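# Coordinate analysis (summary)
What follows is the residue order along each chain.
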Amino acid sequence: MLGILSIVLGCCWQIGLVLGVVGLVLAAVAKASGNKESICTAGLVLCIIGTAFGVIGLFTAIIGAEAISTEEILNYIKKR
């Protein structure tokens, strides 16, 4: 369930990333306890994909924040 939610909420990278990481931990614990069902593997794969979406969103946010410099913002405010 967490894997599906992390993919669906990938546009909100903060939520998607957290759900993906929590799902990864829970899926790893389930696999380590001997659960070899295919639903466990599917959950693990979905959490990996959701976490990847979250990391991509994080990098996009960082790059976007760096693209807008403080000087540009101050110049915009002064023009108003």
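Presented here is an overview of the structure given in this document. (Residues numbered from 1 in each chain as written. Predicted model: local features only at pLDDT ≥ 70, side-chain atom pairs only at ≥ 80, totals over all residues. Heavy atoms only, no water.)

## Describing the overall build of the protein chain
Counting secondary structure elements, the protein chain contains four helices and zero strands. Ordered by position from N to C terminus, the α and β elements of the protein chain give α-α-α-α. The C-alpha atoms of the protein chain give 18 Å as radius of gyration, which overshoots the globular expectation for 80 residues (12 Å, by more than 25%). Considered along the principal axes of its C-alpha atoms, the protein chain spans approximately 65 × 20 × 10 Å. Counting across all 80 residues of the protein chain, residues that qualify as buried make up 20%. Counted over contacts in the protein chain with a minimum sequence separation of 6, partners at least 24 positions apart contribute 59%. Of the roughly 5,700 Å² of accessible surface on the protein chain, 74% is carried by carbon and sulfur atoms. Distance between charge centroids for the protein chain: 4 Å, based on 5 positive and 4 negative side chains. (Helix = DSSP H or I, 4+ residues; strand = E, 2+ residues; numbered from the N terminus. Rg over C-alpha atoms; globule rule 2.2 N^0.38 Å. Buried < 20%, exposed > 50% of the residue type's maximum accessible area, 1.4 Å probe, protein only. Contact = heavy atoms within 4.5 Å. Areas by Shrake-Rupley, 256 points an atom, 1.4 Å probe, with all protein chains shown as cover. Lys, Arg positive; Asp, Glu negative; His and termini not counted. Charge placed at Lys NZ, Arg CZ, Asp CG, Glu CD.)

## As for a nonpolar patch on the surface
A cluster of nonpolar side chains, Ile68, Ile73, Leu74, Tyr76 and Ile77, forms an exposed patch at the surface whose accessible area comes to about 510 Å². Mapped onto the elements of the fold, Ile73 is located in helix H4 (residues 70-79). (Patch = residues over 30% accessible without salt bridge, like charges linked within 9 Å, V, L, I, M, F, W, Y side chains within 5 Å. Salt bridge = Lys/Arg side-chain N within 4 Å of Asp/Glu carboxyl O.)

## Looking at helix H2 (residues 13-32)
Over its 20 residues, H2 runs 28 Å from end to end, which matches the ideal 28 Å to within 8%, given 1.5 Å per residue. If you check which residues of H2 are buried, you get Gly16, Leu17, Leu19, Gly20, Gly23, Ala27 and Ala30. What you see down the axis of H2 is that its buried residues fit within an arc of 165 degrees, all on one side. In H2, the exposed positions angled more than 90 degrees off the buried face are occupied by Val18, Val29 and Ala32. Where H2 is buried, its residues touch helix H1 (2-8) and helix H3 (38-67). Backbone geometry just after H2 places Gly34 at a positive phi near 100 degrees. (Expected span 1.5 Å × (residues − 1). Arc of directions from axis to C-beta.)

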